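Secondary and tertiary structure notes
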Amino acid sequence: MKHTLNTIAILTATIISSHAATITMDTASFVSDSESTNIPKGSGVVSIGTYNAFPVLGASPTNSEVTDSYFELSLGTFDSPLVSDGFFRFDLDVPISNFFNNKDIFVVLGNGTTVQDSTDLLVWQPTSNADGNVFIEDNPIGGPGSIVLNNDNGNVLLGSFDSDANTFRMASLATVPEPSSMALSSLALLALAGRRSRK
């Protein structure tokens with residue numbers, strides 16, 4: 001009997017602490033890669049998630065510096081049949097649990113098929129949405145509604161916004177040298193140091 005009561009308590013706690021919300025992801029502005037080419041329909045990645053701690057990103061971080069502490073809730077692609085390249089609009093079923101309470105939500109856009117394989121990224125923090133919800137406190141996405149990427153209801157943390165072109169532009173990420181390249185560079189430096197010491 002005690003075992004049964006414990007099981008019921010665990011199941012109840014799980015149901016209370018986890019639920020899903022349908023969020024419409026939309027953009028009111030174009031989105032381009034770092035070379036100013038709008039992301040083609042059906043490609044790129046649009047991701048919604050949160051960070052373990054508020055991200056502090058330089059002008060050209062590596063992919064791992066952007067993604068290591070990022071927890072993805074849901075993702076989609078730049079795919080909207082009614083508009084041109086650079087736009088997205090779709091519904092995401094986003095799982096929410098108490099883990100996300102009091103944490104900011106972020107939209108991460110990339111030129112790859114996932115955030116992790118993208119070489120260009122845009123990190124944007126929504127602060128409110130068209131439904132009047134504010135993205136803070138109990139429910140980090142403010143309840144079911146829309147997240148509209150524009151320059152009025154959010155902050156760009158990586159990338160830039162061109163008001164003249166009404167375009168968000170992704171930032172090009174720094175590349176990490178492969179171990180073999182690093183080894184060759186180290187050998188070259190050692191050879192140079194040895195040559196100088198012989199002079």
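The rules behind these values
Residues numbered from 1 in each chain as written. Predicted model: local features only at pLDDT ≥ 70, side-chain atom pairs only at ≥ 80, totals over all residues. Heavy atoms only, no water. Buried < 20%, exposed > 50% of the residue type's maximum accessible area, 1.4 Å probe, protein only. Helix = DSSP H or I, 4+ residues; strand = E, 2+ residues; numbered from the N terminus. Pairing = 2+ DSSP bridges. Core = buried A, V, L, I, M, F, W, Y, C linked by side-chain atoms within 4.5 Å. Contact = heavy atoms within 4.5 Å. Phe/Tyr/Trp six-rings, centres within 6.5 Å; stacked < 30°, edge-to-face > 60°.

As a further point, take the pairing of strand β3 (residues 43-51). Most of β3 sits inside the fold, with 8 of its 9 residues counted as buried. Pairing geometry for β3 and strand β4 (residues 70-78), over 7 bridges, is antiparallel. Looking at β4, one finds that Ile48 is bridged to Ser74. One ladder, built from 6 bridges, connects β3 with strand β6 (residues 105-110); its direction is antiparallel. Along β6, the bridge assignment pairs Val45 with Gly110.

Looking now at the nonpolar core. In this structure, Met25, Val31, Val46, Ile48, Phe78, Phe88 and Leu109 are the most contacted members of the largest nonpolar core, which totals 23 residues. Sorting the residues of this core by element identifies β1 (18-27), β3, β4, β5 (89-97), β6, β7 (120-126) and β8 (145-149) as the ones contributing at least two each. Sorting elements by how many residues they give to this core places β5 first, with 4 residues. Not counting residues up to four positions away in its chain, the partners in contact with Leu109 are Val31, Val45, Val46, Phe78, Phe88, Asp120, Leu121, Leu122, Leu149 and Met170. Residues Val66, Tyr70, Leu121 and Leu158 belong to the second largest nonpolar core, which totals 13 residues.

Moving on: the packing of aromatic side chains. Per the counting criterion, the structure on display carries 7 aromatic pairs. A ring pair is formed by Phe54 and Phe106, whose centres lie 5.6 Å apart and whose planes are at 65°; its orientation type is edge-to-face. Taken together, the positions of Phe54 in the loop between β3 and α2 (63-67) and Phe106 in strand β6 put the pair 52 residues apart, joining distant regions of the chain. Note on Phe54: relative accessible area 45%, which makes it partly exposed. Since its relative accessible area comes to 2%, Phe106 is described here as buried. The interplanar angle of 40° and the centroid separation of 6.0 Å between the aromatic rings of Phe88 and Phe90 together place this pair among those described as tilted. The pair formed by Phe88 and Phe90 is uniform in burial state, with each residue classed as buried.

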